[in-house]
Amino acid sequence: MTQASDTTQEIISGLQASTPSISPKFFYDDIGSRLFEVITLLDEYYPSRTEKSIMEANSQAIALAVGQCDVLLDLGAGNCAKASALFDSIKPKQYRALDISKAFLESAVADLQKRFPMIEMQAQAFDLIQPLDFPDLINQRKTFFYPGSSIGNFDTESAKRFFENIAKVCQGAGGLLIGVDLIKDREVLHRAYNDSLGVTSAFNLNALLHINRLINANFDVRDWEHHAIFNESLSRIEMYLRAVRDVQVSWPSGKQSFQKDALIHTENSYKYTIANFTQMLLDAGFKSAQTWTDSNSHFLVCYASA
Ligand code: AVI
């Protein structure tokens, strides 16, 4: 099966499932990536700036925990800004940026290479659903970097499997530097995913425009509204698109009806406690975990040693 038809099949199966869903990876077309950048600037969306401030305030302690860094592997590197902010303290010999979009990554890495000519750099196209396998880095002490609470978009079983794989690839040396969002007052959480400017709403609705292009469908964003709630029992924000009227959507090989108020699930964003997050890392095979947080305990930065 070709890549294109795999994607088409994945989207159609999601739309036709008994609980319709769209994978959160379809948020990130050109517009979606920019909307996400705007989200990170919003007052209500505290995770990005809080993580940055924790990293800055504890840069020396983090560098000490990481120790020697032969290779910094930046999982979901984007514009590489978060990793490059660590270069002066962690001093990696090699930097490998991994992300789905290689073209975007290559230009970010090329710019970075000019600023840090001493660090050997590579851009590698990589989807995190692929097995983590770096045969060319065997015997190098690896530091994996996974900031931004992207781990929150995995369910807890997948997160644990992901940690097990990283611990295994580390071969008893190096580790994982990760940022994760913490459980907090539900109003604060609610506002972060229901901002007053409606940027998160636009980000969510834009997935439909992306899907239209990918499978040649005819979603009309005016038929849908953003819906985000905190599910306390599962410790996660759940994002949905809700039909504001009866809707029929079609694409070349099929169609799907949605009744008024029907939901399409678009994202989960799990929130952790410090204790259950560090326990998950230890259960996955890491030897120890050091943590840093902000004065409100809104966000956690953690280094798990392999
Ligand atoms: C990328 N990810 C960690 C963000 C989050 O908070 O789960 C995506 C996001 N969705 C809505 N706002 C931000």
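Scroll up to find the structure this text is about.
All values derive from a computational prediction rather than experimental measurement.

1. Re the state of the cysteines
Here's step 1: By the definition in use, this model includes zero disulfides.
Here's step 2: The structure places no disulfide on C80, whose sulfur is separated from the nearest cysteine sulfur, that of C69, by 15 Å.
Here's step 3: Taking the relative accessible area as the measure of exposure, C80 reaches 1% and is therefore buried.
Here's step 4: C69 supplies the cysteine sulfur nearest to C170, a cysteine that is in no disulfide, at a spacing of 10 Å.
Here's step 5: Note on C170: relative accessible area 2%, which makes it buried.

2. With respect to helix 2 (residues 30–39)
Here's step 1: Listing the buried residues of helix 2 in full gives G32, L35 and I39. Buried residues of helix 2, viewed axially, fall in a sector of 60°; they line one side. Exposed residues pointing more than 90 degrees away from the buried face of helix 2 are listed as D30 and R34.
Here's step 2: Looking at the buried residues of helix 2, the elements they touch are helix 10 (199–215).

3. Digging into the pairing of strand 8 (residues 247–251)
Here's step 1: Only one face of strand 8 is covered, namely the face carrying V247, V249 and W251; the face carrying Q248 and S250 is uncovered.
Here's step 2: Summarising the sheet, strand 8 and strand 9 (residues 254–258) pair through five bridges and their orientation is antiparallel. Bridging from a neighbouring strand, S250 pairs with K255 of strand 9.
Here's step 3: Between strand 8 and the antiparallel strand that follows it, strand 9, lie two residues.

4. Quick word on the site of the ligand
Here's step 1: Taken together, 14 residues sit near the ligand, with Y45, N153, Y193, E267 and S269 positioned nearest.
Here's step 2: Side-chain polar atom of Y193 to an oxygen atom of the ligand: 2.5 Å apart, as the coordinates give it.
Here's step 3: In the environment of the ligand, a nitrogen atom lies 2.7 Å from a nitrogen or oxygen atom belonging to the side chain of E267.
Here's step 4: Relative to its unbound accessible area of 340 Å², the ligand is 96% covered by the protein chains.
Here's step 5: Of all the elements in the fold, those that place two or more residues in the shell around the ligand are helix 2, helix 10 and strand 10 (263–270).

5. Quick word on the sheet that holds strand 6 (residues 224–231)
Here's step 1: The strand order across the open sheet formed by three strands is 6-7-10, and the pairing between neighbours is antiparallel. What marks the edges here is a single partner per strand, and that holds for strand 6 and strand 10. Here the average twist between neighbouring strands, direction ignored, is 20°.
Here's step 2: Two strands pair when backbone bridges link them, and strand 7 (residues 236–243) and strand 10 are joined in this way by seven bridges, in the antiparallel orientation. When the sheet's bridge partners are listed, Y240 is paired in strand 10 with H265.

6. Thoughts on the packing of helix 2 against helix 10
Here's step 1: Two elements in contact, helix 2 and helix 10, have axes whose closest approach is 9 Å; the angle formed by their N-to-C orientations is 160°. What the angle tells us is that helix 2 and helix 10 run roughly antiparallel. Seen along the crossing, helix 2 lies across helix 10 with a hand that is left-handed. Judged by residue contacts, I31, G32, L35, F36, V38 and I39 of helix 2 engage V199, T200, A202, F203 and N206 from helix 10.
Here's step 2: Tallied by class, residues from the contact of helix 2 with helix 10 come to eight nonpolar, three polar and no charged.

7. Quick look at the nonpolar core
Here's step 1: Core analysis: the biggest nonpolar cluster contains 34 residues, and I151, F163 and F277 have the highest contact counts within it.
Here's step 2: For this core, the secondary-structure elements that each account for two or more residues are strand 1 (71–75), strand 4 (142–146), helix 8 (156–170), strand 5 (175–181), helix 11 (274–283) and strand 12 (299–305).
Here's step 3: The greatest single-element share of this core, amounting to seven residues, is contributed by helix 8.
Here's step 4: In contact with F163, not counting residues within four places along its chain, are I151, L176, I178, F277, M280, L281, A284 and F286.

Thresholds applied
- Residues numbered from 1 in each chain as written.
- Predicted model: local features only at pLDDT ≥ 70, side-chain atom pairs only at ≥ 80, totals over all residues.
- Heavy atoms only, no water.
- Disulfide = S-S within 2.5 Å.
- Buried < 20%, exposed > 50% of the residue type's maximum accessible area, 1.4 Å probe, protein only.
- Helix = DSSP H or I, 4+ residues; strand = E, 2+ residues; numbered from the N terminus.
- Arc of directions from axis to C-beta.
- Contact = heavy atoms within 4.5 Å.
- Pairing = 2+ DSSP bridges.
- Near = heavy atom within 4 Å.
- Polar contact = N/O pair within 3.5 Å; in protein donor to acceptor, adjacent residues only side chain to side chain.
- Areas by Shrake-Rupley, 256 points an atom, 1.4 Å probe, with all protein chains shown as cover.
- Axes fitted to C-alpha atoms, helices over the stretch in contact; angles between N-to-C directions.
- Parallel < 35°, antiparallel > 145°, perpendicular 65-115°, else oblique.
- Left-handed = near helix turned anticlockwise from the far one by under 90°.
- Nonpolar A, V, L, I, M, F, W, Y, C, P; charged D, E, K, R; others polar.
- Core = buried A, V, L, I, M, F, W, Y, C linked by side-chain atoms within 4.5 Å.

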